[in-house]
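Okay, here's what each chain looks like letter by letter:
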Amino acid sequence: MISQDHPNTGVASVASVSQLTDTLANYLSPSELKRVKEAYRFSDEMHLGQMRKSGEPYISHPIAVAEICAEWKLDAQAIMAAFLHDVMEDQNVQKEELIERFGASVATLVDGLSKLDKIEFQSQVEAQAENFRKMLLAMARDVRVILIKLADRLHNMRTLGAMAPNKKQRIARETMEVYVPIAHRLGLNKIYRELQDLAFLHLYPLRYRTLTKAVKAARGNRREVVSKILESVKSTLSTADIQADVYGREKSLFGIYLKMKTKRLSFSQVLDVYGFRVVVDSFTHCYTTLGTLHALYKPMPGKFKDYIAIPKINGYQSLHTTLIGPYGTPVEFQIRTQDMHRIAESGVAAHWLYKNGESHFSDLEQRTHAWLQSLLDIQKQTGDSAEFLEHVKVDLFPDSVYVFTPKSKIIALPRNATALDFAYSIHTDIGDQTIATRINHEMAPLRTELKNGDIVEIITAPTSRPSPNWLTFVRTGKARSAIRHHLRSINLDESIAIGQRLLSQALTSLNIKPTLLPAFSETLVSRSSANSLDEIYADIGMGKRMAALVARHIMSLLEENPSTIPWIHAEKAIRSTKIDPVIIYGSQGVSAQLAPCCQPIPGDGVIGQLKRDQEILVHTTDCDLAKRQRIKEPDRWIPVAWGAELDRHFDCNIRLLIKNERGILGRVAAEIGESDANIVYVAMEEDKNHDIMELRFTIQVEDRVHLARLMRNVRRVAGVTRLLRERG
């Protein structure tokens, strides 16, 4: 029988102080335990009379946070900080007092966990971004900060039911966007799954309840299948003389919901709601178990992943395989050792102890240390808190690609990362001085997207400097922040000059005389959330703003009150009934982006959505999402058109139904290659009767004509029964 813990919708139970003390006594010394009790008493005194929204005494919260930290066996300083984490913020206790009472290390941990409530911010968004920056930088110096913060957030999410609905939504969304990815990035899978489900509960309560009922019903219906598989696997492993713990597991509710949403499936179509985990006693037995299971049940093609040979970026190791179980039902198995299981559940918390020399770190600790160090690098190169958080979020999503240096060192990067991202991941100076790259011993463009197993060599020159065009294709936060930092500091004057020239051209095209711009600069600067006119010019020169959109913004301000500003030819511009569209070349980077929901390619009819930051998101004219948003905000849409010379390829999804026969995948892939298209990604799913298979390709094409030619060629392949372009 598979069991799953469901998130608590009310008040979470909290261990008493005596129970917590018993837990701590198992691994702390008597002197350390005494210091922890002092911290508890001080926290209890400071929070005396303070109540939570649920009606409980506030001290119940620090106790619960300390209890979660004790499960990870964090040291005495961390447990003390867990008790004290709110006293600076809520009770105005000064850092100096904490240093005097509990030492500098504890005070620094508490300070890193405290919000910046006393600082004036222009907006809630800016305040939140600055709070996250402070927390992440404190984490980079001492990972215990984020472990305590995650414990704090977990207990708050468990007791979120007492909050007002709008506050529940805000906290749940913040949890999903920031804390869930951080927990995943640090390998804290147990807390990652619980936070994800709790956030899902409060963001989409109706969907959560409906799915919970469906899972309970399915669990009962599938009890016989699960029991049969469990008995067969245990018997087979015992016969093979393999000592193993075998137990069933369910996908998290949010995991099921995400699969239904992304693949547009009903609940009944999600067949791998449950699976099995096999924990063995040695590395060798992982692979022996894999062979034994493949002999027991037929493996599904393309559904095997070896995360032992190449661990995930967060240190996770397991063998994953999907087998066809009884009654033709797909069942996933995860195979790992006890040590791998401990790291899979607790991640960096399983190895959190701090050492002075990096040479003593485990592989997991080295990867975590490298990522935390990259936060400090991004901080040095970033202008403001919101930009810092944007760069960090880029690196938090879990999908990764694994490539090799010429000396066979494995480097993990986000999916779709380029050779230039690889260069910056080695060192900022190497990225800045990159002039060329070899991938698998062959010369390749810097914008080439890397694939698993690529061997990447970077060629540098001392005189080379970053180009603004690099921002159009790099994917990692570290690369983007380093390039922007260089352009801001080294090429600022040049960027201002380029931006001034581009804006002058855009204004002239609207019959507005550029020489009068300084008279209007104060209004423009205040409406553009910039500090000066030079900053707007520099943003245009660096590709952060589009000159055509800034010119349109100026024109809209002029239309509000044209008589107050002495523009030459402005009247003609206002009376013009036809405005030329903004030209899109597909390479503007951060200033213009192609919408992932409809994936426009040259030849598609397109329309531009003007975002709040004056950037533009390009949709196809028949995009369903764009149609809905145009009804809500009709004023934020402008005409756009493709440029005449587009020297790049564009991502496009196609879906095929093919006969399940030998060599069909190879024939289709070969035909795509013969049509001068690059295959970026391929996925395969079998239909229930196994006669038909569904293939999904992400390919890169030049334009709509190129795509049509490719699709005609692929349709001629024997065994292809259906082919269509898929959006999103």
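Conventions we followed
Residues numbered from 1 in each chain as written. Predicted model: local features only at pLDDT ≥ 70, side-chain atom pairs only at ≥ 80, totals over all residues. Heavy atoms only, no water. Helix = DSSP H or I, 4+ residues; strand = E, 2+ residues; numbered from the N terminus. Buried < 20%, exposed > 50% of the residue type's maximum accessible area, 1.4 Å probe, protein only. Contact = heavy atoms within 4.5 Å. Areas by Shrake-Rupley, 256 points an atom, 1.4 Å probe, with all protein chains shown as cover. Phe/Tyr/Trp six-rings, centres within 6.5 Å; stacked < 30°, edge-to-face > 60°. Polar contact = N/O pair within 3.5 Å; in protein donor to acceptor, adjacent residues only side chain to side chain. pLDDT = per-residue confidence, 0-100. Pairing = 2+ DSSP bridges. Axes fitted to C-alpha atoms, helices over the stretch in contact; angles between N-to-C directions. Salt bridge = Lys/Arg side-chain N within 4 Å of Asp/Glu carboxyl O.

### Concerning the overall build of the protein chain
Counting its regular elements, the protein chain contains 29 helices and 19 strands. Residues counted as buried form 50% of the 728 residues belonging to the protein chain. Sequence-distant contacts in the protein chain: of pairs separated by 6 or more residues, those separated by 24 or more amount to 68%. Total accessible area computed for the protein chain in this model is approximately 35000 Å², and 50% of it derives from carbon and sulfur atoms.

### Digging into the packing of aromatic side chains
Using the criterion set out here, one finds eleven aromatic pairs in the structure. Taken together, a centroid distance of 5.7 Å and an interplanar angle of 80° make the contact between W642 and F650 edge-to-face. Note on accessibility: W642 and F650 belong to one class, buried. Every member of this aromatic cluster is reached through a ring pair, and the members are F200, Y204, Y208, F254 and Y257.

### Describing the side chain of S481
Position of S481 among the secondary structure elements: in helix α21 (residues 477-489). Classification of S481 as buried rests on a relative accessible area of 0%. From its side chain, S481 meets the backbone oxygen of K478 in a polar contact 3.1 Å long.

### Observations concerning the environment of A669
Tracing the chain through its elements places A669 in helix α28 (residues 664-674). On the basis of relative accessible area, A669 is assigned to the partly exposed category, the value being 26%. Put simply, A669 and V682 are 13 residues apart on the chain and 9.5 Å apart in space, counted from C-alpha to C-alpha.

### Remarks on the confidence of the model for the protein chain
Per-residue pLDDT for the protein chain averages 76, and the proportion of residues at 70 or more is 75%. Looking over the protein chain, one finds the lowest element-wise mean pLDDT in helix α26 (residues 570-575), namely 44, and the highest in helix α29 (residues 704-715), namely 92. Taken as a whole, residues 350-361 scores under 50 in pLDDT and shows 24 contacts with residues more than four places along the chain or in a different chain.

### Quick look at the side chain of R336
Positionally, R336 belongs in strand β5 (residues 330-337). Owing to a relative accessible area of 1%, R336 belongs among the buried residues under this scheme.

### Description of the pairing of β5
For β5, the tally of buried residues reaches seven of eight residues, placing the bulk of the element in the interior. Remark: five residues form the turn of the hairpin made by strand β4 (residues 319-324) and β5, two consecutive strands paired antiparallel; Y327 in that turn has positive phi of roughly 65°.

### Section: the sheet that holds strand β9 (residues 442-444)
In spatial order, the strands read β9-β8-β10; together these three strands make up an open sheet with antiparallel pairing. The open sheet has two edge strands, β9 and β10 (456-460), and neither has a second partner. Adjacent strand axes in the sheet meet at a mean angle of 35° when their direction is disregarded. Across five bridges, strand β8 (residues 434-439) lies against β10 in antiparallel orientation. For R438, the partnering residue across the bridge sits in β10 and is E457.

### Section: the pattern of salt bridges
All chains considered together, the criterion is met by 15 salt bridges. For the salt bridge of E449 with R475, the shortest nitrogen-to-oxygen distance reads 3.1 Å. Highlighted residues: E449 in the loop between β9 and β10 and R475 in the loop between β10 and α21, separated in sequence by 26 residues. Look at E449 and you get buried, because its relative accessible area is 17%. Between R655 and E726 there is a salt bridge, and its shortest N-O distance comes to 3.9 Å. Taken together, the residues R655 in strand β16 (residues 650-659) and E726 in strand β19 (residues 720-726) connect sequence positions 71 residues apart. A residue is classified by how much of its surface remains accessible, and R655, at 24% relative accessible area, is partly exposed. On the basis of relative accessible area, E726 is assigned to the buried category, the value being 17%. Look at the salt bridges and you will find they share partners, linking R655, E694, R696 and E726 into a network.

### Considerations on the environment of R715
When you line up the elements, R715 lands in helix α29. With relative accessibility at 45%, the residue R715 sits in the partly exposed group. For the pair R715 and L656, spaced 59 residues apart in sequence, the C-alpha separation works out to 9.2 Å. Those residues in contact with R715 that lie beyond four places of it in its chain are V720 and L723.

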